[in-house]
Structures are given as structure tokens and as C-alpha cells.
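Results of the structural survey
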Amino acid sequence: MKYIIMLLAAVTFIACSEKSNNPYVTLEGAITNAEMDSIFIMGKNFKKSIKVTEDGTFKDTLKVVDGFHGITDGKQQGFLYLRNGYDMVILMDMNSFPESVIFKGEGSVTNNYLGEKIQFIKEEKLTDYASFFALEKPEFDAKVATLKSDLEAMLAKTKGLEEEVIKLEKESNDKLINFFESNYENEHANYIGLKKGDPSPKFNYPDQNGKNVSLDDLKGKYVYVDVWATWCGPCKKEIPFLKEMDEEYKGKNIAFVSLSIDKMEHKEKWLQMIKDEDLKGIQIMADNDWSSDFVTAYKIQGIPRFILIDTEGNIVDSNAPRPSDPYLKEVLNGLAL
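What counts and what doesn't
Residues numbered from 1 in each chain as written. Predicted model: local features only at pLDDT ≥ 70, side-chain atom pairs only at ≥ 80, totals over all residues. Heavy atoms only, no water. Helix = DSSP H or I, 4+ residues; strand = E, 2+ residues; numbered from the N terminus. Rg over C-alpha atoms; globule rule 2.2 N^0.38 Å. Buried < 20%, exposed > 50% of the residue type's maximum accessible area, 1.4 Å probe, protein only. Contact = heavy atoms within 4.5 Å. Areas by Shrake-Rupley, 256 points an atom, 1.4 Å probe, with all protein chains shown as cover. Lys, Arg positive; Asp, Glu negative; His and termini not counted. Charge placed at Lys NZ, Arg CZ, Asp CG, Glu CD. Axes fitted to C-alpha atoms, helices over the stretch in contact; angles between N-to-C directions. Parallel < 35°, antiparallel > 145°, perpendicular 65-115°, else oblique. Nonpolar A, V, L, I, M, F, W, Y, C, P; charged D, E, K, R; others polar. Salt bridge = Lys/Arg side-chain N within 4 Å of Asp/Glu carboxyl O.

1. Re the overall build of the protein chain
- Scanning the protein chain for helices and strands turns up 10 helices and 15 strands.
- By the compact-globule yardstick of 20 Å for 337 residues, the protein chain fits well, its C-alpha radius of gyration being 22 Å.
- Put simply, the protein chain has 337 residues, and 45% of those count as buried.
- Excluding contacts between residues fewer than 6 apart, the proportion of contacts in the protein chain whose partners are at least 24 apart in sequence is 66%.
- If you sum the accessible surface of the protein chain, you get close to 17,000 Å²; carbon and sulfur atoms cover 51% of it.
- When the 42 positive and 55 negative side-chain charges of the protein chain are each reduced to one mean point, those points stand 2 Å apart.

Right under this line is the structure:
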């Protein structure tokens, strides 16, 4: 997404304002609930393995090309900005990674701010254009105004950022607001037909047994659709919550449909995950991953994406709360299930 690129560019300038003569990065920290004995730092043409001791601690020095790096235990991945001269402590809980990462020491202000902002982007669904452009103008204006206020508040409460950093962040935030405002008229026209009460685009895809399941087959039931993929970390984090929802509403007038957009060549991986994770509800696989009709009709640009459809096949919410959001139960309990 354009805004992610703007954000990363802004943080690149931020990091350059933190001065040190140390030619190396020093990283140390502690990991709880670790399943691996090493973590990996990955950058452009760079990969470094750091040993994790039995008590979960680690320490090493790195010579890096200043910029964004991945940090992973081989299963889950987060991001951080590294610049030679940083002397940073990283605290991680792999049961809630990367949201729970805490940075301390030199470089921590930039990285904690970056982490908070990326998390904000996820929570506010800024990568999901439909959550903005599908709104009518009064609601859109109110949402953009709230977004602007929240971004300003996040920046104001972050202590220790230099004046140059604050200036660059204000410019980045202004670009984001301008992106939404300047594109609303054209983009809104693309989302007409995805409002509450409009007929939902339909699906008709095979389940794990090869039997096609369509939205028409489920008429008379509410339908909660989870658009996901086996490679999507945030999608997999929702699985336990979705299974819980399926169990809690068993016997109610609602169908939970998980629609995979894995590529066809990864079908076996999808089938295996259904078995390994004991996935519940209706499991179906789209015919053409991101280009499948249902996905393009809903203009889905990021997953997981959740959609709630009523008993007549009309949209209740084209961007419904995810299973881990307690508000979803409030929504479902308000329906005639």
C-alpha cells in the first residue's frame, strides 16, 4: 500500500537523526515462549543468526546497511529499523508476536514508535480501502477527521522524538489524509454496491471434499465469511477465535465459511492445515486466489477479511469485526439467530 511505503520512508529519515559513532549494532534481549534456539535478522543481502540460550536471552553485534530488517524465529516475523550505532534491547513474547515487542536503549524511540504506528495501521484497517471509500461522504469525513486526530495524538504523546522527526511525521500523516480525501470521489464510485442492504456478491467454490458450496445454498442462514490463506500469519491467529465462535453458535441460524485464497498449487497445504488445525465450519477454496470473482467483487486488498451476510443474501457488513474482536459477539447477538 502507498501509505506503508510513506511510513517506512519517514522512519528512514527518523533513524538518521539518531547519532552515534559506534560502527556496529548491538542487540540483546530476552524471549519468552520461544520454540526455536535461534532468531534471525534479515536485511538487504544480509542474514544473521543469533543464538538464543536456554533461559531465552540473546546478545550479538551486527554490521548492517542502515534500513529496515526482518526479525523472525523461523515461524513468525516482525520488523525493525537498524542503524550502525544502535545499542538496543529487545523483549519478545512469541505468543503475542510481533505486537508485544518492546525496545529499550538507543534506537528504541524510533522502533517503539514504528511498532505502535504499524499496529495502529492494522487495527484501523488502513490497508483496507473499503473501510473508508465505501462510506457515504458524511461518515467518510468523520472517519478521516478521527484518523487525523488519532495520528496527531500518537505523535504528541511520544516523548524523545527530535524536532526533525516530528516534522517528517507530520508530513507523512498529511500525505495519508490527503490520499484518502483526494481519492474519495473516484474510489467511492467503485464501492457502490457494497453497502449494508445491497445484494452480496456470490461465491460457489469446492470444499475440502470437492463438493461445491455456494452462497445460494446457504440462503435462509446468516453467513459469516472469513477470507484467509494458509500463508497469512494474522489469518492464522484468528483460527482459535473462529473455532470458538463456531462452537458457541452451534445450532444457531448462522454458517461460518472460511474461504481460502491460496493458489491452486498449494491446495494440498490447505487440505493439510484443515486436518492439522481441525478447522471447523465450512471450508472452501477460491478458484483463482486474489483474482477470484468473490474477492475482486468485494475489492479485497488485504486479509484476513470478514464479511457478514443476512438470510436473504444481502450485505450486513462488508468489513465485519474479526473473531478476536469482542464486538463481533455483540453484532451476532443482535441478530435473529
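Still more to cover.
2. Things to note about the packing of helix H4 (residues 137–157) against helix H5 (residues 163–191)
- Packing of H4 against H5 brings their axes to within 11 Å, and their N-to-C directions diverge by 170 degrees. It follows that H4 is roughly antiparallel to H5 by the angle criterion. Note on element contacts: H5 touches H4 through Ile166, Glu169, Lys170, Asn173, Leu176, Ile177, Phe180, Glu181 and Tyr184, opposite Lys137, Phe140, Val144, Leu147, Lys148, Leu151 and Leu155.
- Split by residue class, the contact of H4 with H5 holds 10 nonpolar, 1 polar and 5 charged.

3. Structural notes on unusual backbone geometry
- The residue after isoleucine 303, namely proline 304, is reached through a cis peptide bond having omega 5 degrees.
- Note on placement: proline 304 falls in the loop between helix H9 (293–297) and strand S14 (305–309).
- We note that asparagine 33 has phi near 60 degrees; this positive angle belongs to a residue other than glycine.
- On the basis of relative accessibility, which here comes to 42%, the residue asparagine 33 falls in the partly exposed class.
- Even without being a glycine, aspartate 278 presents a positive backbone phi close to 50 degrees.
- Tracing the chain through its elements places aspartate 278 in the loop between helix H8 (267–276) and strand S13 (282–285).

4. As for the pattern of salt bridges
- Per the stated rule, a full pass over the model turns up 14 salt bridges.
- Across the salt bridge formed by aspartate 60 and lysine 48, the nearest N and O atoms sit 3.1 Å from each other. Of this pair, aspartate 60 sits in strand S4 (residues 57–62) while lysine 48 sits in strand S3 (residues 46–51), and the two are 12 residues apart along the sequence.
- Here aspartate 60 falls in the partly exposed class, since its relative accessible area comes to 22%.
- With a closest N to O distance of 2.8 Å, glutamate 116 and lysine 157 form a salt bridge. A residue pair is termed long-range when its members are at least 10 positions apart, and glutamate 116 in helix H2 (residues 108–123) and lysine 157 in helix H4 qualify at 41 residues.
- For glutamate 116, a relative accessible area of 31% gives the class partly exposed.

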